[in-house]
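Now for the letters of each chain:
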Amino acid sequence: MRSNASHQARGPVRTRVATGATAAFLGLTVALAGGVGSPASAADASTLTGIVLGVGANETQRTVSWYSSGDTAQKVQLAPTAQLTGGEFPAGAVTFDALGAANIATSGGYNRHATITGLKENTAYSYRVGSEGNWSTAYSFKTQDFEGAYDFLFLGDPQIGSSGDLAQDQAGWADTLDVATKANPNAELLVSGGDQIESANNEDQWKSFLAPDQLRQVPYAATIGNHDVGGKAYEQHFSTPNTDNSASKYANGNPASNTSGGDYWYIYKDVLFIDLNSNSYATSQGGGGDEAHTKYVTDVINQHGSEAKWKVLVYHHSIYSPASHAKDGDNKARRVDFPTTFSKLGVDLVLQGHDHSYSRSYLIKNGQKADPKEQPGAADVYPGPGGVLYVTANSASGSKYYDITAPDNSGTSGAGNGADPLNPGNYWYNSVQNQEHVRSYVKVQVRDEKLVVENIRSSTCAAPNSEVSHGDWCNNTDAAQPVGSVVDKVSVHPYNGDGQSLQVNVPNAAPGEFGWTIDGYNGLVDLGTAKEENGDHFTASGKINPILVSDTRRSLSPWSVSANVSAFKDADKTFAGSYLGWTPYVLDQGAGAQAGSPVASGYDDQGDGLAVSRGLGSAEQGHERGTSKLGADLDLKIPDSVQKGGYRATLTITALSS
């Protein structure tokens, strides 16, 4: 991946003013470094579709994926939205080259993926994909603080096309995204529960799934479901960071086959997310099964767990499912294979889909209820060491709902589906089970000392609600359970060990600034009356008013101060500024200041003297912060052919900082 930088940081502008020779003044000009334009590519006529904004490895990155009808070089172009003029990107917009390959035959065209890096906090960005002369529509997204609290939205099983009514499935999906993002305009991620579509390689269904513009405005963290795995379209449509596409992460053990797979992880602010391909659960399928996933989770948490406060796992197949899939054999296998490892590793929250119904587990430790006294529907839970909360999301599109099923007598731990002694209608593992046949989404608030998990209605019985429109039951109303009402809410309070945890929030350090000023007052530098020497020239001397330089920047970047003088004038009489020379020095050491080199009067060496810019002082990268005072002795020598008069010139000072 390659990027073309568009700009450099700019130093603050400060002060200026004067000093004179037979009359000279100091002025200030601060020159700023310019940018480099992005190279143009040959124009092409490729059709660009299916653009998706994805998560990057951390909050400073995003990925972008899309389809191109032609096999041409593609890229993402990015600029702060504030720099666009009339919708046009600035010449210095950053570009990121895309990678990709030919799609499978039934998809047609080519897939392209690029990673945007180097994002800044609290900035609105615009981007577009394609090539010079053939750019897509521009889309925008915003970054927020890179530290501290934030919210993300978890979306279960859109499964577009599963109702048989593609248009209404799309409409329900789009409406949930509209409702959720309008109610939570600062939510920073859309996290998938899997099963984006009904049929893995059906591009009509993918087109409907990708229709909402929220998928180009808020990063979407894709999860592979059982309806996504049977083809390559999932991998063609999404690019994920830190992805392990080895054979063990594929159900059939063959990444080259016409299937999708892979596990991946990323850290977004205070959360380490690990996303698994739960379609692979047994080695008998050909892949590494659950053992490969638990090893992956173990390795990632051992290597990166300390970099985040919370550990959240995401995969499709709900192991504490309340509905049609609760007693599936593969589900029971995962229910045995996963929980002890997750408890041991200190996982806080597991997000799942597949069962098209909502459930919130009790805190589960090593495959059984962590605290037998935890009450159904408790508003606050305290995991202690090893307690893990499992949440299953309902349908986000309304394309399919599964009704809650009844527990049996198969046991109240491990793979069992027995009843909850405290609430016999529920499975032993579930604190809350819910199915209303209305669309919903899960909002997760990430805070310093808790995770707040809410299941929120994004519809009532009214359309778009595809399965209900086609005859399924529903009794929600705007009056009783309106859009935006909360189905369930729980706060997870972490275990902080046997001691007491202390916390302090540290704000961003002030970046500091660079500037300069005249030390004292801006008085005229009077070189007095020139003296004739050797019968062929005049001389005069003096000192500039000292320049006080202050550099408190944390970047410790280089700086320099230089100056040049104009011609000396008295009405219509004049002589060249090149006759002025100087010897710079550092009066007060600090800020890494080093004096510039002496410059002779042009009378001595027929040179340019101070008529061209000369260094007064400078500092190198990595210098100490502080202040310094720069001075210079002035040396004027002029030929005796210059006419009598009171001449003045302006000494213009230029400060550069990067």
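Residues numbered from 1 in each chain as written. Predicted model: local features only at pLDDT ≥ 70, side-chain atom pairs only at ≥ 80, totals over all residues. Heavy atoms only, no water.

A. Spatial organisation of the state of the cysteines. Under the definition given, this model contains one disulfide. For C461, the disulfide goes to C474, at an S-S distance of 2.1 Å. Taking the sign of the S-S torsion, about -90° here, the bridge from C461 to C474 comes out left-handed. Placement of the pair is C461 in the loop between β27 (451-457) and α7 (466-469) and C474 in the loop between α7 and β28 (486-492), with a sequence separation of 13 residues. Judged by its relative accessible area of 18%, C461 falls in the buried class. (Disulfide = S-S within 2.5 Å. Helix = DSSP H or I, 4+ residues; strand = E, 2+ residues; numbered from the N terminus. Buried < 20%, exposed > 50% of the residue type's maximum accessible area, 1.4 Å probe, protein only.)

B. Quick look at unusual backbone geometry. A cis amide bond links A463 with the next residue in sequence, P464, at an omega value of 5°. If you trace the backbone, P464 turns up in the loop between β27 and α7. Even without a glycine there, the phi angle at Q159 is positive, about 40°. For Q159, the position within the fold is in the loop between β11 (150-155) and α1 (166-183). The residue N366 is not glycine, and still its phi comes out positive at about 55°. When you line up the elements, N366 lands in the loop between β19 (364-365) and β20 (368-369).

C. The arrangement of the nonpolar core in detail. Ranked by size, the top nonpolar core spans 34 residues in total, and within it I547 and W559 carry the most contacts. The next biggest cluster of nonpolar side chains, apart from the first, holds 32 residues, and it includes L189, V191, Y358 and A393. (Core = buried A, V, L, I, M, F, W, Y, C linked by side-chain atoms within 4.5 Å.)

D. Seen up close, the packing of aromatic side chains. By the definition in use, this model includes 27 aromatic pairs. Its end group placed over the ring of Y139, R216 keeps NZ or CZ at 5.5 Å from the ring centre. Its guanidinium or amino end placed over the ring of Y362, K369 lies 3.7 Å from that ring's centre, counting from NZ or CZ. (Phe/Tyr/Trp six-rings, centres within 6.5 Å; stacked < 30°, edge-to-face > 60°. Lys NZ or Arg CZ within 6 Å of the ring centre and 35° of its normal.)

E. Region of the structure containing the sheet that holds strand β18 (residues 358-361). Taking strand neighbours across the sheet as the criterion, the seven strands line up as β14-β15-β16-β17-β22-β18-β25 in an open arrangement whose pairing is mixed. A strand with exactly one partner marks an edge of an open sheet, and here the two such strands are β14 (264-268) and β25 (430-434). Within this sheet the neighbouring strands show an average axis-to-axis angle of 15°, counted without direction. As judged from the two bridges shared by β18 and strand β22 (residues 389-392), these two strands associate in the antiparallel manner. Considered in β22, the bridge of R360 is made with V391. Helix α4 (residues 289-304) contacts β14, β15 (271-275) and β16 (310-317) of the sheet and is inclined by roughly 160° relative to β15. (Pairing = 2+ DSSP bridges. Axes fitted to C-alpha atoms, helices over the stretch in contact; angles between N-to-C directions. Contact = heavy atoms within 4.5 Å.)

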